[in-house]
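The chain contents come next:
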Amino acid sequence: MKILENTIRLMEPYTAKLNVKETQKALNTLKQAFELHLSTALNLTRVSTPLFVLSGTGINDNLNGMERPVQFTALELGDQSLEIVHSLAKWKRMALKRYGFEQGEGLFTHMNAIRRDEGLDHLHSIYVDQWDWERVIDRQERTLTTLRQTVEKIYGAMKETERVLVEQYPGLNRKLPESITFLTAQELENRFPHLPAKEREDAITREYGAVFVMQIGGKLESGIPHDGRSPDYDDWQLNGDILVWNPILKSAFELSSMGIRVDEVTLRHQLEEAGCPERCTLEFHKQLLEGQLPYTIGGGIGQSRLGMFFLEKAHIGEIQASVWPSEMKEVCESANIFLL
């Protein structure tokens with residue numbers, strides 16, 4: 001609760017620029033505009049995706065490896081265990097093959113997930129909603145150039161969405177700078193060696209407005225990773241986060257995590273580094289190691305996060321309906337924050 005209380009103290013007094021009804025309408029406008037610009041920029045087709053998958057297949061996102069998925073059984077499936085997805089990072093790559101997508105084509109979906117072990121605050125909810133997307137690339141496209149070009153297209157879609165919203169809701173402000181700045185996690189550590197990772201992000205986004213921090217997952221020269229990443233979807237040398245400066249929260253604000261996905265070599269290497277080489281026997285991993293899956297780039301873009309940022313909200317609960325501790329609801333009410 002300390003994080004929430006500190007945030008509220010920073011932004012007092014707080015008054016939402018849009019009421020609840022206006023917020024719902026604006027969210028609909030936001031989603032329609034962003035989906036159009038994103039799908040056009042990256043040549044993506046919207047597809048249907050699962051809320052749950054079979055346990056023990058390696059298809060679900062392991063996140064940092066510590067989070068427990070919500071598991072259950074179904075009447076007609078006997079003892080088979082199912083689990084609610086954390087995200088669709090691996091499922092999408094398998095779907096690109098099954099659905100017959102070709103190089104330069106991709107898919108996106110509305111991904112809904114439950115993360116039961118998420119620490120709850122003004123940014124994090126048990127319920128997760130994002131645009132999950134994935135695009136087929138050639139092996140020769142597994143480069144930083146491809147990564148940067150893709151980031152710039154996504155950032156362009158965000159800027160166009162912001163333009164639409166500000167035109168329809170003049171009380172909102174434009175917050176995104178003209179361009180996004182690129183740097184690696186190591187460059188960020190070198191620049192702010194005495195700050196912890198999250199404070200480095202605050203410092204760099206305050207300076208540039210929007211940054212893409214690359215190469216997240218492996219250990220830095222300090223011996224500490226910038227942030228945790230599952231070892232079996234992003235290539236830790238070809239990934240990163242889109243971060244912006246949030247003027248309401250006075251802090252860095254993550255909008256997207258993405259990257260070029262592992263190939264056969266980087267999968268084995270990262271599983272070894274993460275201490276979980278046994279995953280090579282799982283269904284997803286075996287298909288990848290046997291060359292049955294396409295080379296891809298993909299990621300997730302938070303729907304509630306974009307809503308918070310563009311609609312200038314202080315709490316994710318103003319954007320999505322979820323469940324919150326009673327203490328948090330009391331603190332929010334006293335700070336004029338209306339949780340759905």
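Not measured: the values here are computed from a predicted model.

### Observations concerning the overall build of the protein
Across its full length, the protein carries 10 helices and 11 strands. In terms of overall dimensions, the protein is globule-like: its C-alpha atoms have a radius of gyration of 20 Å, near the 20 Å expected for 340 residues. In terms of overall dimensions, the protein has a C-alpha envelope of 55 × 50 × 40 Å along the principal axes. A burial count over the protein gives 55% of its 340 residues as buried. A separation threshold of at least 6 residues defines the contact pool for the protein, and within that pool the share at least 24 residues apart is 74%.

### Thoughts on the environment of Ile-301
By secondary structure assignment, the location of Ile-301 is in strand 11 (residues 296-302). Given a relative accessible area of 0%, Ile-301 falls into the buried group. Taking the C-alpha atoms as reference, Ile-301 lies 8.4 Å from Met-258; in sequence the two are 43 residues apart. Dropping the residues within four chain positions of it, Ile-301 is found in contact with Phe-34, Leu-38, Gln-130, Trp-131, Trp-133, Ile-154, Met-158, Leu-255, Ser-256 and Leu-306.

### Concerning the sheet that holds strand 6 (residues 127-136)
Within a sheet, each strand pairs with its neighbour through backbone hydrogen bonds, oriented either parallel or antiparallel. Strands sit in the order 1-5-6-11-10-9-8-7 across an open sheet of 8 strands; the sheet is mixed. Looking at the sheet topology across the chains shown, the edges are occupied by strand 1 (44-46) and strand 7 (181-184). Each neighbouring strand pair of the sheet contributes to a mean axis angle of 25 degrees, computed without reference to strand direction. Two elements, strand 6 and strand 11, share 7 bridges in a ladder whose sense is antiparallel.

### Some thoughts on the pattern of salt bridges
According to the stated counting rule, one finds 21 salt bridges in the structure shown. For the salt bridge of Glu-312 with Lys-17, the shortest nitrogen-to-oxygen distance reads 2.7 Å. Here Glu-312 is found in the loop between helix 9 (303-310) and helix 10 (326-334), whereas its partner Lys-17 is found in the loop between helix 1 (2-11) and helix 2 (20-42), with 295 residues between them in sequence. Accessibility expressed as a relative area gives 4% for Glu-312, which makes it buried. Owing to a relative accessible area of 39%, Lys-17 belongs among the partly exposed residues under this scheme. Lys-92 is the salt-bridge partner of Asp-132, the closest N and O atoms lying 3.2 Å from each other.

### Focus: the sheet that holds strand 3 (residues 71-72)
Reading across from one edge, 2-4-3 is the order of the 3 strands in this open sheet, with antiparallel pairing throughout. Only two strands of the sheet have a single neighbouring strand rather than two, namely strand 2 (52-54) and strand 3. Direction of pairing for strand 3 relative to strand 4 (residues 82-84): antiparallel, over a ladder of 2 bridges. Looking across to strand 4, one finds that Gln-71 is bridged to Glu-83.

### A closer look at the packing of helix 2 against helix 4 (residues 144-168)
The N-to-C vectors of helix 2 and helix 4 enclose an angle of 150 degrees; their axes lie 9 Å apart at closest approach. With respect to helix 4, the axis of helix 2 lies roughly antiparallel. The hand of the helix 2/helix 4 crossing is right-handed. Across from Ala-26, Thr-29, Leu-30, Ala-33, Phe-34, His-37, Leu-38, Ala-41 and Leu-42 in helix 2, the residues of helix 4 making contact are Thr-150, Lys-153, Ile-154, Ala-157, Met-158, Glu-160, Thr-161, Val-164, Leu-165 and Gln-168. Broken down by class, the residue content of the contact of helix 2 with helix 4 amounts to 12 nonpolar, 5 polar and 2 charged.

### Here's the deal with the environment of Met-258
In this structure, Met-258 sits in strand 10 (residues 251-261). Taking the C-alpha atoms as reference points, Met-258 and Glu-330, separated by 72 residues in sequence, lie 35 Å from one another. Aside from chain neighbours lying at most four places away, what touches Met-258 is Trp-133, Leu-147, Thr-150, Val-151, Ile-154, Phe-212, Asp-234, Asn-239, Gly-240, Ile-297, Gly-298 and Gly-299.

### Structural notes on the packing of helix 2 against helix 9
Interaxial distance between helix 2 and helix 9 falls to 10 Å at its minimum, and their mutual angle equals 115 degrees. Handedness of the helix 2/helix 9 crossing: right-handed. Of helix 9, the residues touching helix 2 (which contributes Leu-27, Leu-30, Lys-31 and Phe-34) are Gln-303, Leu-306, Gly-307 and Phe-310. Residues that form the contact of helix 2 with helix 9 fall into these classes: 5 nonpolar, 2 polar and 1 charged.

### A word on the state of the cysteines
Under the counting rule described, the total for this entry stands at 0 disulfides. For the unlinked cysteine Cys-276, the closest cysteine sulfur is that of Cys-280, found at 8.6 Å.

### Describing the nonpolar core
In summary, soluble globular proteins display a tendency toward joint burial of nonpolar side chains. Residues Trp-133, Ile-154, Met-158, Phe-212, Ile-301 and Leu-306 are the most contacted members of the largest nonpolar core, which totals 56 residues. Looking at this core element by element, the count peaks at 8 residues for helix 4. Residues in contact with Met-158, not counting those within four places in the same chain, are Phe-34, Leu-176, Ile-242, Leu-255, Ile-301, Leu-306 and Phe-310. In this structure, Val-47, Val-53, Ala-95 and Leu-289 belong to the second largest nonpolar core, which totals 24 residues.

Conventions we followed
- Counting restarts for each chain, with residues numbered from 1 along the sequence as it is written.
- Restriction of local features to residues with pLDDT of at least 70 applies here, the model being predicted, together with a cutoff of 80 or more for giving and counting side-chain atom pairs; totals for whole chains, interfaces and linings are based on all residues.
- Each side-chain value is worked out from all heavy atoms of the structure, with water and hydrogens disregarded.
- Helix and strand definitions here come from DSSP, where helices need a minimum of 4 consecutive H or I residues and strands a minimum of 2 consecutive E residues; each element is numbered from the N-terminal end.
- Within these notes, the globule rule equals 2.2 Å times the number of residues to the 0.38 power, and the radius of gyration is based on C-alpha atoms.
- Relative accessibility under 20% of the residue-type maximum defines a buried residue, over 50% an exposed one, and the middle range a partly exposed one, all with a 1.4 Å probe and only protein chains included.
- Contacts are residue-level and defined by heavy atoms, with any inter-residue pair within 4.5 Å sufficient.
- Here, any two strands with at least 2 DSSP bridges between them count as paired.
- Axis lines are fitted through C-alpha atoms, for helices just across the contact stretch, and the angle between N-to-C directions can take any value from 0 to 180 degrees.
- Salt bridges, as used here, are contacts in which a Lys or Arg side-chain nitrogen is within 4 Å of a carboxyl oxygen on Asp or Glu.
- Angle categories: roughly parallel below 35 degrees, roughly antiparallel above 145, roughly perpendicular from 65 to 115, and oblique for all the rest.
- For any helix crossing, the convention is left-handed if the near helix is rotated counterclockwise from the far helix by under a right angle, and right-handed if that rotation is clockwise.
- Gly is put with the polar residues, along with every residue not named as nonpolar or charged; the nonpolar set is Ala, Val, Leu, Ile, Met, Phe, Trp, Tyr, Cys and Pro, and the charged set is Asp, Glu, Lys and Arg.
- Disulfides are defined as pairs of cysteine sulfur atoms found within 2.5 Å of each other.
- Remark: nonpolar core denotes a set of buried residues (Ala, Val, Leu, Ile, Met, Phe, Trp, Tyr, Cys) joined through side-chain atoms within 4.5 Å.

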